[in-house]
Amino acid sequence: MATAAATATAAALATGRFDAARARADFPILAREVNGRPLVYLDSAASAQRPRAVIAAVDHYETHLHANVHRGVHTLSQAATEAFEGARERVRRFLNARSTKEIIFTRGTTEAINLVAQSYARPHLAPGDEILVTWLEHHANIVPWQMVCAATGATLRVAPIDERGELRFDEFQALLSPRTKLVATAHVSNALGTVLPVKQIVAAAHARGIPVLLDGAQAVAHGGADVQALDCDFYAFSGHKLYGPTGIGMLYGREALLREMPPWQGGGDMILSVTFEGSTWNDLPWKFEAGTPNMSGAVGLAAAIDYLEGLGPQAVHAHEQRLLAKATAAALEIPGLRIIGTASDKAAVLSFTIEGIHPHDLGTILDHEGVAIRTGHHCAMPVMDFFKVAATARASFACYNVDGDVDRLIAALHAAREVFA
Ligand code: PLP
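Keep in mind that what you see is a predicted model, and the values were worked out from it rather than measured.

Turning our eyes to something else, we now look at the packing of aromatic side chains. A full pass over the atoms with the stated rule returns eleven aromatic pairs. Residues Phe27 and Tyr400 carry aromatic rings whose centres are separated by 4.6 Å and whose planes lie at 65 degrees to one another, so their mutual orientation is edge-to-face. In this pair, Phe27 is assigned in the loop between α2 (20–24) and β1 (33–34) and Tyr400 in the loop between β17 (392–396) and α15 (403–420), connecting sequence segments 373 residues apart. As far as burial versus exposure is concerned, Phe27 and Tyr400 are alike and both buried. A connected cluster of aromatic rings, assembled from ring pairs, spans Phe27, Tyr41, Tyr243, Tyr307 and Tyr400.

Okay, here's the thing in structure tokens:
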């Protein structure tokens, strides 16, 4: 697969354009039909598909390497440990973290944020303290803070957005105060695609000594993240949004902060010693990885990162932006269509409504045409409330989408309008 990726990159360099058709051929599921039509998959913001390289890496692990990690002297245990810790090093390089001590494997973004809420925020919060989020958050970056606020008497504050779905940065800054103990914000909004000004957010918070968590679930596959350049304190993402498996994700944490944080789950692997009188904790990062981890998932995630970097994240990003621009222009020609989220800097997400058609009906009609989009509140109900809609239809683009996918989407939307005319 590295070969296919390298070929696609070479082709992109030769033509000046990323060869998405070649990338598409790396994803076996995209060869299937849905409702008698070739599948057009436009739901990658919910979960991206996996290339053969990821499927093969997981298969290789399961077929040749699997045993429990860290505590075995036998050959397979050592091989599994090497594969698992090798995957950690791969994630470290991808994020440009300083050390693998800063890379904690989790089930995904949600678990990573809950870890910070329970292990970092909870011990730091007292009544009157505040956690600051934005109006653009996924529920995974709202509910864990509500839970920790309820347990400590702290308050959740929300920085507002404007009609385009952009953060009102002045108001965000005005909400920073000595009471603010943590800023937690999306890097990219899943509901609208808005890319948040995360460097400025981090700088403004750090100027007041406030740490920042970035929810990178929607960012890492569309331009990546360099945690040293961002200067964030925590960064979370999920493997399945990055062409990797489900059930694996990670939390980056600044080592100095992780050292001070207590473990949040107890069990095997996170301890150095256990007696009935008490236990002592393992070193970083294992202090935060209680129980048998998801080894095959980690291996698959490392393969997904290899795959994406083989394609060239910048070439992929430029390709997705071109598809977004094409889809946006064509969508605006459809009578009654309203685009929700028109930020100047957007990831390849097109959220919209069509007058007189419920988004769920739209999703069903498109599915009959073999076009998979997402409809609903996208786990971002406050964003829906802001725009006074119950739901939107959302098409999201990835490395394997081609111009023909945009054409099929637009044709299906025109057809849907006719059904309801
Ligand atoms: N944050 C954002 C911005 C997301 O888009 C998602 C998933 O859609 C999540 C968090 C939660 O990710 P997961 O369900 O993989 O934990």
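We are not done yet, so read on.
So, on to the site of the ligand. For the ligand, the full set of nearby residues is Thr109, Thr110, His138, Ala140, Asn190, Asp215, Ala217, Gln218, Ser238, His240 and Lys241. Between the ligand and the protein, one listed contact pairs an oxygen atom with a side-chain N or O atom of Gln218 at 2.7 Å. A distance of 2.7 Å is found between an oxygen atom of the ligand and a side-chain nitrogen or oxygen belonging to Ser238. Isolated, the ligand exposes 400 Å² of accessible area, and the fraction of that covered by the protein chains is 85%. For the shell around the ligand, the class distribution of residues is two nonpolar, seven polar and two charged.

Take the nonpolar core next. The biggest cluster of nonpolar side chains holds 83 residues, and the ones touching the most others in it are Leu95, Tyr235, Phe237 and Tyr243. Per-element accounting of this core gives the leading share, eleven residues, to helix α11 (residues 295–311). Viewed by domain, this core spans two of them, domain 1 (3–50 + 312–419) and domain 2 (56–308), each represented by three or more residues. Ile357, Phe397, Val406 and Leu413 belong to the second largest nonpolar core, which has 28 residues in total.

Time to look at the environment of Asp215. Secondary-structure assignment places Asp215 in strand β8 (residues 212–215). For the pair Asp215 and Trp145, spaced 70 residues apart in sequence, the C-alpha separation works out to 13 Å. What Asp215 contacts, discounting residues up to four positions off in sequence, is Thr109, Ile113, His138, Asn141, Thr185, Ala186, His187, Val188 and Ala236. There is a polar contact of 3.0 Å between the side chain of Asp215 and the backbone nitrogen of Ala217.

Turning our attention to the sheet that holds strand β13 (residues 337–339). Reading across from one edge, β13-β14-β17-β16 is the order of the four strands in this open sheet, with antiparallel pairing throughout. Single-partner strands in this sheet number two, and they are β13 and β16 (374–376). The average angle at which neighbouring strand axes cross in this sheet is 30 degrees, direction not considered. Judged from the three bridges that link them, β13 and strand β14 (residues 349–354) form a sheet pairing that is antiparallel. Bridge pairing links Leu337 to Ile354 in β14. Across the face of the sheet, helix α13 (residues 359–368) comes into contact with β14, β16 and β17 while running at roughly 160 degrees to β16.

Cut-offs applied
Residues numbered from 1 in each chain as written. Predicted model: local features only at pLDDT ≥ 70, side-chain atom pairs only at ≥ 80, totals over all residues. Heavy atoms only, no water. Phe/Tyr/Trp six-rings, centres within 6.5 Å; stacked < 30°, edge-to-face > 60°. Helix = DSSP H or I, 4+ residues; strand = E, 2+ residues; numbered from the N terminus. Buried < 20%, exposed > 50% of the residue type's maximum accessible area, 1.4 Å probe, protein only. Near = heavy atom within 4 Å. Polar contact = N/O pair within 3.5 Å; in protein donor to acceptor, adjacent residues only side chain to side chain. Areas by Shrake-Rupley, 256 points an atom, 1.4 Å probe, with all protein chains shown as cover. Nonpolar A, V, L, I, M, F, W, Y, C, P; charged D, E, K, R; others polar. Core = buried A, V, L, I, M, F, W, Y, C linked by side-chain atoms within 4.5 Å. Domains from an automatic or database assignment. Contact = heavy atoms within 4.5 Å. Pairing = 2+ DSSP bridges. Axes fitted to C-alpha atoms, helices over the stretch in contact; angles between N-to-C directions.

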